[in-house]
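Secondary and tertiary structure notes
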Amino acid sequence: MHRWVEAAHKLLVRGEAAVLVTIAHVEGSAPREAGTHLLVTREHVWETIGGGHLEWRAMDVARQLLRQYGQQGARHVERFALGPSLGQCCGGAVTLAFEVLTLADLAWVSALHKRLAAGEASLRSVAFGAPGAGVAASQPPGGPVLLTELAPNEPLAHPHALTRDADDAACSFWQGSDGWLWLSERLAPSDFHIVLFGAGHVGQAIVQVLATLPCRVTWADERTETFPETVPPNTRVESTDTPEAIVAEAPPGAYFLVMTHNHALDQRLCETIFKRDDFAYFGLIGSMTKRRQFEHRLRDRGVPPERFEQMICPIGVAGITGKAPATIAIAVAAQLLRVREQQMRQSAPVSPQDNGVAV
């Protein structure tokens with residue numbers, strides 16, 4: 001998640017310009033949602049705005065801007081009708097915001113990079129000049145990029161009294177009272193926090209799949225030697241003989257996966273997890289036989305039987321019966337994503353009405 005920030009930081013530190021492409025606004029059906037990014041240099045790209053003809057055109061426009069404005073920086077907004085102009089079946093329309101990033105942008109990119117690494121959220125706001133103005137220079141009328149601190153769960157809001165698009169809680173695109181077009185987006189570390197106990201074959205396979213998803217992983221095992229030499233950037237290794245403490249330290253809304261090499265340890269972890277009532281998911285690897293044994297033992301340990309339905313065992317989406325580590329990993333990741341999306345829909349805030357004009 002937000003891999004473009006780290007890539008942009010590395011590029012600017014060594015003096016190489018790049019173009020940040022952001023989906024500013026979506027009308028109808030589109031491959032990706034508002035707030036999705038693509039970072040483009042003369043030879044490389046990071047992230048994706050959905051592939052296909054739209055992404056190809058975005059890369060072409062970005063590289064044209066890079067050739068023309070790579071030394072001074074520039075901003076540009078362009079609307080693409082996916083069906084009529086690009087031949088894509090989505091049929092909607094997408095407005096893309098292009099920002100040529102140069103050494104002048106290093107300060108805010110560095111600040112954003114540090115804040116994300118520290119687990120802090122930010123509001124990034126950028127002006128693109130008046131509608132129909134074409135390419136705008138990075139300095140007036142565009143002005144600097146504004147970076148504002150946000151609390152972890154603070155909703156999107158702009159420091160100026162501008163209109164925001166209530167359709168998306170993470171990215172807004174407006175025309176302000178000053179006539180400028182503004183893009184504002186909430187950039188925060190993922191709150192999709194997975195705590196995985198067990199560094200065996202299945203645990204290692206799950207970590208590799210989770211590396212491709214917008215989540216953070218705490219990976220715990222008492223056997224230091226079982227961890228691979230390198231782990232994905234979104235994964236933090238905890239080699240500990242007191243894994244119960246990691247359960248207690250996990251944030252509210254965490255997703256727990258228990259799959260250690262030791263059934264007695266699995267049981268202790270289950271007991272500790274059941275002491276919490278704020279987890280989003282709790283999965284235990286094993287068969288129905290293991291589940292029944294654990295339910296009996298946990299009942300004897302004082303866990304109310306009505307809570308057993310909160311423990312997913314066997315884990316993984318139904319209908320996938322393969323037992324190879326990679327197969328289990330994909331089935332589990334799919335289950336986590338399904339639970340995640342259900343909970344996001346249930347907790348989606350209702351946006352207040354604004355008085356300005358949304359673009």
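Here is what the cut-offs are and how they apply
Residues numbered from 1 in each chain as written. Predicted model: local features only at pLDDT ≥ 70, side-chain atom pairs only at ≥ 80, totals over all residues. Heavy atoms only, no water. Helix = DSSP H or I, 4+ residues; strand = E, 2+ residues; numbered from the N terminus. Expected span 1.5 Å × (residues − 1). Buried < 20%, exposed > 50% of the residue type's maximum accessible area, 1.4 Å probe, protein only. Contact = heavy atoms within 4.5 Å. Polar contact = N/O pair within 3.5 Å; in protein donor to acceptor, adjacent residues only side chain to side chain. pLDDT = per-residue confidence, 0-100. Salt bridge = Lys/Arg side-chain N within 4 Å of Asp/Glu carboxyl O.

Under the annotation held in an unreviewed UniProt entry, the protein chain carries the name Xanthine dehydrogenase accessory protein XdhC and is attributed to Pandoraea bronchicola.

Before going further, it helps to spend a moment on helix α6 (residues 263-274). Here α6 is twelve residues long and its end C-alpha atoms lie 16 Å apart, about the 16 Å a rise of 1.5 Å per residue gives. Here α6 lies mainly inside the structure; nine of its twelve residues are buried. L265, D266, Q267, L269, C270, E271, T272, I273 and F274 are the residues of α6 that are buried. Contact partners of the buried residues in α6: β11 (193-197), α5 (243-249), β14 (255-258), β15 (281-284) and α7 (288-300). Where α6 begins, the side chain of N262 points an oxygen toward the backbone nitrogen of A264, at a separation of 2.7 Å.

For the protein chain, the mean per-residue pLDDT works out to 85, and 84% of the residues sit at or above 70. Of all helices and strands in the protein chain, the one with the weakest mean pLDDT is strand β16 (residues 357-358) (35), whereas β14 scores best (98). Confidence drops under a pLDDT of 50 for residues 158-168, and excluding neighbours within four residues, the segment shows 34 contacts in the predicted structure.

What follows deals with the pattern of salt bridges. According to the stated counting rule, one finds 18 salt bridges in the structure shown. The salt bridge involving E27 is made with R79; its shortest N-O contact spans 2.9 Å. A residue pair is termed long-range when its members are at least 10 positions apart, and E27 in strand β1 (residues 18-27) and R79 in strand β4 (residues 74-81) qualify at 52 residues. The partly exposed category is assigned to E27, whose relative accessible area is 31%.

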